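A structural walkthrough
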Amino acid sequence: MEMASDLAHILTNFSTFRDFSTNIQKIPTGSCLSQLLAFWSYSDMFDKIYELAVLNNYIFSLYVDDMTFSSNSLIPNDFHKKIEEILNSKGLRFKRSKVCYYSANQSKEITGVIITPDKQLRVPNKRLKETSKAIGKALSPIATQSDKVSALGKINSIQQIESQIFKDPANQLN
């Protein structure tokens, strides 16, 4: 991150933990810092990817490590190979299984949200089913406080996308 080594050492110790099984400093998954550290650690790489997108008249969107490229014109099926080269140059692996190409008239799942062809945001069915199951468990007579908190968390997450979903169960659980 182009800073003095003593400051880098302090910030590293402050924002990471030592995995004693490997003796390696790691970013704690789920920490509020982890997304920022991941971005700034690879900001030069993301800049290169952005420049490649601009060169091709694509819109580049990034959420942590989920990259999306949008365009009014067709994106070639081999475009991801250029991204793979950039990732490999930083020692990162490219997951071909996560590459998806969508046409303009298809719904697209991007970072856990469905974008419909008419540009509406929807919750994926899988998340709806998981939340329904959690609500059922939380409303049962033997539900624990943890079950209720978990269900409310899932409902809250879904309502960030579609605010009217599961309002009644949320009220019951509150």
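Just above sits the structure.
Residues numbered from 1 in each chain as written. Predicted model: local features only at pLDDT ≥ 70, side-chain atom pairs only at ≥ 80, totals over all residues. Heavy atoms only, no water.

1. Some remarks on the overall build of the protein chain
Along its length, the protein chain carries 7 helices and 7 strands. Taken over C-alpha atoms, the radius of gyration comes to 21 Å for the protein chain, far larger than the 16 Å a tight globule of 174 residues would show. Oriented by its inertia axes, the alpha-carbon framework of the protein chain measures out at about 55 × 50 × 25 Å. Relative to its full complement of 174 residues, the protein chain shows a buried share of 25%. Nonlocal contacts in the protein chain, meaning residues at least 24 apart in sequence, comprise 30% of its contacts between residues at least 6 apart. A total of about 12,700 Å² of accessible surface is found on the protein chain, and carbon and sulfur atoms cover 54% of it. Distance between charge centroids for the protein chain: 7 Å, based on 21 positive and 17 negative side chains. (Helix = DSSP H or I, 4+ residues; strand = E, 2+ residues; numbered from the N terminus. Rg over C-alpha atoms; globule rule 2.2 N^0.38 Å. Buried < 20%, exposed > 50% of the residue type's maximum accessible area, 1.4 Å probe, protein only. Contact = heavy atoms within 4.5 Å. Areas by Shrake-Rupley, 256 points an atom, 1.4 Å probe, with all protein chains shown as cover. Lys, Arg positive; Asp, Glu negative; His and termini not counted. Charge placed at Lys NZ, Arg CZ, Asp CG, Glu CD.)

2. Some remarks on the side chain of Asp 19
Along the chain, Asp 19 turns up in strand β1 (residues 17-19). Taking relative accessible area as the criterion, Asp 19 reaches 16% and is therefore assigned buried. A polar side-chain atom of Asp 19 sits 2.6 Å from a polar atom in the side chain of Ser 21. Separated by 2.8 Å, the side chains of Asp 19 and Lys 26 make a polar contact. Each residue touching Asp 19, except ones within four places of it in the same chain, is listed here: Ile 24 and Lys 26. (Polar contact = N/O pair within 3.5 Å; in protein donor to acceptor, adjacent residues only side chain to side chain.)

3. Notes on the pairing of strand β3 (residues 59-63)
In the sheet, β3 pairs with strand β4 (residues 66-70) via 5 bridges, with the strands oriented antiparallel. Bridging across to β4, Leu 62 finds its partner in Met 67. Between β3 and β4, which follow one another and run antiparallel, lie 2 residues, and Val 64 among them has a positive phi close to 55°. (Pairing = 2+ DSSP bridges.)

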